[in-house]
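Next come the chains, spelled out residue by residue.
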Amino acid sequence: MAVGRLDGKVAMVTGGAGGIGSATARALAREGASVAVVDVNGEKAAHVAEAILGTGAIAVGVQADLSEEPDVAAAVRATVTHYGRLDILHNNAALTDSDFLSRDTKVTELSVEVWERTMAVNLRSQMLMCKHAIPEMVRNGGGSIINMSSGASLKGDRTRTAYGVSKAGVNTLTMYVATGHGKQGVRVNTIVPGLIITDAVRAHLTEHMLEGLGRATLTPYVGEPDDVANLVVFLASDESRYITGQMIAIDGGMSSHVGSAGRDDD
Ligand SMILES: NC(=O)c1ccc[n+]([C@@H]2O[C@H](COP(=O)([O-])OP(=O)(O)OC[C@H]3O[C@@H](n4cnc5c(N)ncnc54)[C@H](O)[C@@H]3O)[C@@H](O)[C@H]2O)c1
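Residues numbered from 1 in each chain as written. Predicted model: local features only at pLDDT ≥ 70, side-chain atom pairs only at ≥ 80, totals over all residues. Heavy atoms only, no water.

## A look at the side chain of Ser150
No. 1: Mapped onto the fold, Ser150 is located in the loop between strand 5 (143-148) and helix 6 (161-181).
No. 2: A polar contact of 3.0 Å, which involves the side chain of Ser150, links it to the backbone nitrogen of Ala152.
No. 3: What Ser150 contacts, discounting residues up to four positions off in sequence, is Tyr163, Lys167, Ile191, Val192 and Pro193. (Helix = DSSP H or I, 4+ residues; strand = E, 2+ residues; numbered from the N terminus. Polar contact = N/O pair within 3.5 Å; in protein donor to acceptor, adjacent residues only side chain to side chain. Contact = heavy atoms within 4.5 Å.)

## Some thoughts on the pattern of salt bridges
Oppositely charged side chains can pair when the atoms bearing their charge come close.
No. 1: Under the criterion given, the structure shown has nine salt bridges.
No. 2: The residue Asp238 makes a salt bridge to Lys9 at a minimum N-O spacing of 3.9 Å. Here Asp238 is found in the loop between helix 9 (225-236) and strand 7 (247-250), whereas its partner Lys9 is found in the segment before strand 1 (10-14), with 229 residues between them in sequence.
No. 3: Between Lys131 and Glu69 there is a salt bridge whose closest N-O contact spans 2.7 Å. Of this pair, Lys131 sits in helix 5 (residues 112-139) while Glu69 sits in helix 3 (residues 69-83), and the two are 62 residues apart along the sequence.
No. 4: Residue Glu69 is classed as partly exposed on the basis of its relative accessible area, which comes to 31%.
No. 5: Within this structure, Arg5, Glu31 and Glu239 form a network of salt bridges that share partners. (Salt bridge = Lys/Arg side-chain N within 4 Å of Asp/Glu carboxyl O. Buried < 20%, exposed > 50% of the residue type's maximum accessible area, 1.4 Å probe, protein only.)

## Remarks on unusual backbone geometry
No. 1: Positive phi outside glycine occurs at Arg160, with the angle close to 55 degrees.
No. 2: Secondary-structure assignment places Arg160 in the loop between strand 5 and helix 6.
No. 3: The exposure class assigned to Arg160 is partly exposed, which follows from its relative accessible area of 41%.

## Points about the side chain of Lys167
No. 1: Relative to the helices and strands, Lys167 is located in helix 6.
No. 2: For the buried Lys167, no salt bridge exists, and the shortest N-O distance to an oppositely charged side chain is 11 Å, to Asp104.
No. 3: Within polar-contact distance, the side chain of Lys167 engages the backbone oxygen of Met148 at 3.0 Å. (Lys, Arg positive; Asp, Glu negative; His and termini not counted.)

Right, dumping it as structure tokens:
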């Protein structure tokens, strides 16, 4: 039997029922990790876990609203009870519901309710997951945490103020947690994706928008969930053992050039 890069490791993937989270859960499991697929949508999380089990790999679904500390504590406890340890955390859950995001606007129109809910789900959940996962990781000599940010955390926009600020908080959280727990063997990095074409994203994109995106990326294609999943596997594995506290963009080079790249005269 082939040796996986993550044989014997245990991983939690939050937002594991979603587009990127489910791809990550599958990739980690394929590399030999036992995976807890954690999501507020317990039915979908169970479905992702079942599909992984169907491939002969190991997974379990866990329902939790990760904006709430008792749910976070229970999800970590359930994972450790089930598998006996915890080595990897992909901190990936976020509010992506388009109705909710349509209310995340310019600051003059932004309600406190939208701001608070965004911070609770996108940022507080990642802090709480670190808080409860790290003691379990340290018990076995350390681990790897991969936080999910967004290119929206690095530049301003006319909309989605709360989303961008919540993800900027994730960038800073990563550096603090990496600094606080590095000597205990815990590495923490942030993935900063540009647009990733999940099924849900694809359903909202017009041909015109896809064409514009194609011009903004330097690659001949736009990224998909498996591109992120491959990076998570690398950051979870010992191959990345000297990388911590970093923000790593995965955006087809979108953030690395001025707007002229991809012009018709290229
Ligand atoms: N897809 C992109 O283009 C893109 C770009 C930049 C960053 N990201 C980030 O990648 C991550 C995954 O995004 P996606 O596109 O796969 O979205 P998605 O909507 O498919 O997945 C998000 C998952 O998080 C879950 N979730 C929401 N609130 C939760 C809560 N309180 N507790 C537990 N789970 C909760 C949802 O149920 C969903 O399954 C997010 O952090 C997102 O901000 C995505």
